[in-house]
Amino acid sequence: MKISNVRIIDANKDFKGSIVIEEGIVKEVLENQVLEGEGVLDGKGMCLMPSFVDMHAHMREPGFEYKENLETGLSAALRGGFTQICAMANTNPVMDSFEKIKKNLEKARKLELADMIQVSAVTRDFEDESGKTVDFERIRELTPIFSNDGKNMANMKAMEEALTKSAQLDFVLSCHCEPETEMTDKYIEAAGRWGGNIHICHISKKETLEAIIKGKNKGLSLTCEVTPHHIFGWENPYPVAPPLAAKEDVDALIMGIKDGYIDVCATDHAPHTAEDKKNGMPGISNIEYAFSVYHTVFEGNGISINRLSEMMSEKPAKILGLNTGTIDPGKEANLVLADLDREYVIDTNEFLSKGKNTPFEGCKVKGKIEMTIKRGVVKYDNGQIIR
Ligand code: DOR
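Caption draft 1: Molecular detail of the pairing of strand β10 (residues 172-175). Here β10 shows no split at all, with V172 and S174 on one side and L173 and C175 on the other all buried. With three bridges connecting them, strand β9 (residues 145-147) and β10 associate as parallel partners. Opposite S147, over in β10, you have S174 as the bridge partner. One crossover worth recording links β9 to the parallel β10 by way of helix α4 (residues 156-169), and it is right-handed. Pairing geometry for β10 and strand β11 (residues 197-200), over four bridges, is parallel. Looking at β11, one finds that L173 is bridged to I198. A crossover links β10 with its parallel partner β11, the connecting element being helix α5 (residues 180-194), and its sense is right-handed.

Caption draft 2: Up close: the packing of aromatic side chains. Scanning all chains against the criterion turns up nine aromatic pairs. Residues F136 and F146 carry aromatic rings whose centres are separated by 5.3 Å and whose planes lie at 50 degrees to one another, so their mutual orientation is tilted. Placement of F136 in helix α3 (residues 136-140) and of F146 in strand β9 is noted, with a sequence separation of ten residues between them. Residue F146 is classed as buried on the basis of its relative accessible area, which comes to 0%. Centroid distance F146 to F171: 4.2 Å. Interplanar angle 35 degrees. Geometry classified as tilted. Here F146 is found in strand β9, whereas its partner F171 is found in the loop between α4 and β10, with 25 residues between them in sequence. Each member of the pair F146 and F171 is classed as buried.

Cut-offs applied
Residues numbered from 1 in each chain as written. Predicted model: local features only at pLDDT ≥ 70, side-chain atom pairs only at ≥ 80, totals over all residues. Heavy atoms only, no water. Buried < 20%, exposed > 50% of the residue type's maximum accessible area, 1.4 Å probe, protein only. Helix = DSSP H or I, 4+ residues; strand = E, 2+ residues; numbered from the N terminus. Pairing = 2+ DSSP bridges. Right-handed = clockwise from strand over helix to strand, strands pointing away. Phe/Tyr/Trp six-rings, centres within 6.5 Å; stacked < 30°, edge-to-face > 60°.

Below, the structure is given as structure tokens:
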């Protein structure tokens with residue numbers, strides 16, 4: 001496959017040209033060259049970017065298929081330009097054993113939609129009090145990321161074990177922190193003592209960012225993520241964990257993105273039914289328009305599209321140890337064609353996700369994913385999943 005007539009953008013480049021793909025891998029990146037003939041996809045002047053890697057999503061299968069299942073969730077991911085997502089472990093049963101994780105991974109693989117990394121729980125059944133940890137050694141063969149996301153992990157014994165194993169086995173410990181700043185401080189202090197690679201989930205507050213900056217300045221292996229909603233919304237009571245914060249916090253997060261202290265743009269795609277939302281369940285369905293929200297906010301704040309590509313593709317791929325995230329020879333050809341100037345209104349009727357829960361219905365955003373390509377195969381094209 002060849003793709004021509006595109007503006008090629010990733011964390012480090014921005015020029016017109018074309019690319020050549022062979023066996024799912026980028027073979028050549030040709031600046032200022034136009035290719036013609038058979039097997040050439042005309043990008044019509046649109047932007048060709050690396051597809052996105054989501055370090056934080058909820059696919060709800062097994063157990064909560066009425067909210068989302070692997071088929072709808074991984075289709076929604078493709079529509080949003082993601083070819084790789086990390087599915088959190090707060091399913092029913094909780095993903096806390098080699099067998100359960102293996103089974104879910106196989107189900108996802110067979111669908112041939114977006115790729116899924118199954119996040120493993122840290123403690124069995126998310127139990128915090130007893131703090132009985134999972135079999136890290138065995139499960140590490142299946143996944144590079146562990147998290148009790150959705151639930152706080154305050155048990156210091158479990159934290160010590162998880163951090164020690166994270167250092168030994170080289171995995172990411174993704175941390176849901178409640179109360180956010182207090183638990184972030186605790187994790188950072190613990191990582192200073194026991195080592196390990198910690199990643200702080202969905203940060204929303206100025207004070208949390210300050211704690212992270214201090215931790216980073218100590219030289220810890222520490223990364224963090226934001227979500228679209230925590231930089232697009234504020235002083236809004238729509239239930240989400242952590243809650244949407246104050247404008248002052250949003251401004252601090254924007255500075256953290258500009259300064260390079262925030263590493264990753266994730267989604268925390270958390271589909272729920274209308275009934276569950278009525279009962280106050282926290283979460284936003286957002287994977288299909290996450291890029292558009294990010295692009296709108298980044299552009300509005302004078303932050304480059306290269307920085308956005310770094311945060312949505314290059315950095316998460318690097319943290320997870322994946323051979324993707326930039327457009328360079330030898331990398332997997334995981335790509336999106338995006339129309340950066342196209343404005344549209346968020347409309348839940350168009351969602352492939354079962355979750356229609358969002359406070360941003362009707363909001364105007366800019367930048368639309370037109371096509372998603374996974375390892376050289378077109379998987380999504382202008383509203384349609386290609387199978
Ligand atoms: O808003 C949220 N929803 N935050 C979380 O941490 C969990 C998630 C969910 O699973 O619904």
